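Notes for the structure review
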Amino acid sequence: MLDVKLTTFLKVTETKNFTRAAEALALTQPAVSQHIKQLESELGVKLFIRAENGLKLSRDGEIVYKYAQRLHSVYQNMLQALVDERTNTTHLTIGITHTAESNAIAEVLAKFSAAHGGMRITMITDTINNLYSKLKTYELDLAIAEGTVPASGFNSLLLDTDCLVLAVANNHPLAKKSMVTINELKHEKMIIRLPDSGTRNLFVSHLESNNMSINDFNVVLEVDNVATIKELIRHGFGVSILAKSVCLNEIRKGKLTALPVENLSMMRQINLIYHKSFENVALLRDLVKTYNDTMQVYNSAT
């Protein structure tokens with residue numbers, strides 16, 4: 001069983017208050033205080049400091065929290081694995097980015113689950129940085145993400161390559177062109193992803209390599225949700241730089257037009273990322289095959 005003091009510590013960190021943590025854990029407030037004091041004594045550190053809005057982790061507390069999260073996730077994974085063994089099921093928690101959520105990835109995972117009896121998949125959508133953090137703490141078994149893979153502690157399989165394109169409405173004047181120049185793009189109302197988006201960061205890095213900045217463009221909206229951006233484009237509120245993979249369905253149905261931007265070859269990898277300790281290699285091969293088969297259908301339809 002996970003040390004009860006660590007469980008209490010995690011709950012206090014979450015609630016920033018001894019009393020609320022006690023209520024959530026069905027303990028008395030003195031018992032919570034005692035758990036924290038004992039943990040501080042064992043580790044020889046001060047875990048919390050007082051702040052205006054409640055308790056705040058000390059620098060040592062932040063280190064303890066990172067590893068306590070990891071221990072908690074590993075313990076929960078052990079319990080789930082025991083349940084899976086008894087019920088002859090396989091449970092996977094897979095993280096995807098907001099970009100992946102808007103392309104065929106969800107369909108791939110649904111097909112993969114259907115093809116494997118007893119398979120249960122939990123899909124979590126988050127930013128790339130948060131997905132990597134959750135992989136490190138074993139909250140995720142796998143992640144499907146675009147861009148560079150952090151080397152330490154992970155293996156990866158290349159699923160695909162993708163590129164960023166300019167997405168415009170079919171009735172937009174640029175839709176008649178085969179490509180768009182950067183100067184033409186500067187005259188358009190642009191809808192872009194938020195700063196923590198891998199899509200935006202790739203676009204910005206290519207601009208910087210051409211001695212330009214995002215501030216050189218007429219950005220009218222910043223939106224996190226890719227599906228919302230595509231709807232705004234279709235209704236004529238602007239254009240956007242998006243991954244081509246998230247536009248495939250709309251391109252196939254004739255709802256959007258995707259164009260390359262001159263001098264911006266914005267290519268990136270889509271990788272399946274997992275811990276080096278992940279043992280079921282055959283499962284990974286099956287997932288890659290399901291992805292390839294699904295994307296072949298998508299690409300042939302466009």
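Residues numbered from 1 in each chain as written. Predicted model: local features only at pLDDT ≥ 70, side-chain atom pairs only at ≥ 80, totals over all residues. Heavy atoms only, no water.

Let's talk about the pairing of strand β7 (residues 189-192)
Regular strands have side chains that alternate between both faces of the sheet. Both β7 and strand β8 (residues 218-222) contribute to a ladder of 4 bridges, which runs parallel. Its bridge partner being in β8, Lys189 is matched across the sheet by Asn218. (Pairing = 2+ DSSP bridges. Helix = DSSP H or I, 4+ residues; strand = E, 2+ residues; numbered from the N terminus.)

Quick look at the pairing of strand β11 (residues 267-275)
With 7 of 9 residues buried, β11 lies mostly within the body of the structure. Two elements, strand β5 (residues 142-146) and β11, share 5 bridges in a ladder whose sense is antiparallel. Across the sheet, Ala145 pairs through a bridge with Asn271, a residue of β11. In this sheet, β11 lies alongside strand β6 (residues 154-169) in antiparallel orientation, the contact comprising 9 bridges. Across the sheet, residue Leu158 finds its bridge partner in β11, namely Asn271. (Buried < 20%, exposed > 50% of the residue type's maximum accessible area, 1.4 Å probe, protein only.)

Focus: unusual backbone geometry
Despite not being glycine, Ala26 shows a phi value in the positive range, around 60 degrees. Structurally, the position occupied by Ala26 is in the loop between α2 (18-25) and α3 (29-43). The class of Ala26 is exposed, set by a relative accessible area of 70%.

Focus: helix α1 (residues 4-15)
Here α1 spans 17 Å end to end across 12 residues, near enough to the 16 Å set by a 1.5 Å rise per residue. The complete set of buried residues in α1 reads Lys5, Leu6, Thr8, Phe9, Leu10, Val12, Thr13 and Thr15. Near the N-terminus of α1, the side chain that reaches the backbone nitrogen of Lys5, with its oxygen 2.9 Å away, is that of Asp3. Remark: Lys16 follows α1 within two positions and exhibits a positive phi of approximately 60 degrees. (Expected span 1.5 Å × (residues − 1). Polar contact = N/O pair within 3.5 Å; in protein donor to acceptor, adjacent residues only side chain to side chain.)

Let's talk about the packing of aromatic side chains
How two aromatic rings sit relative to each other is given by the distance of their centres and the angle of their planes. Tallied over the entire structure, the rule returns 4 aromatic pairs. An aromatic cluster of three or more residues is present, and its members are Phe9, Phe48 and Tyr65. (Phe/Tyr/Trp six-rings, centres within 6.5 Å; stacked < 30°, edge-to-face > 60°.)

Section: the pattern of salt bridges
Per the counting criterion, the structure on display carries 11 salt bridges. The partner of Lys177 in a salt bridge is Glu184, and the shortest N-O contact between them spans 3.3 Å. Assessed through its relative accessible area of 37%, Lys177 is described here as partly exposed. One salt bridge connects Asp224 with Arg193, and the closest N-O pair in it is separated by 4.0 Å. In this pair, Asp224 is assigned in the loop between β8 and α10 (226-234) and Arg193 in the loop between β7 and α9 (198-209), connecting sequence segments 31 residues apart. (Salt bridge = Lys/Arg side-chain N within 4 Å of Asp/Glu carboxyl O.)

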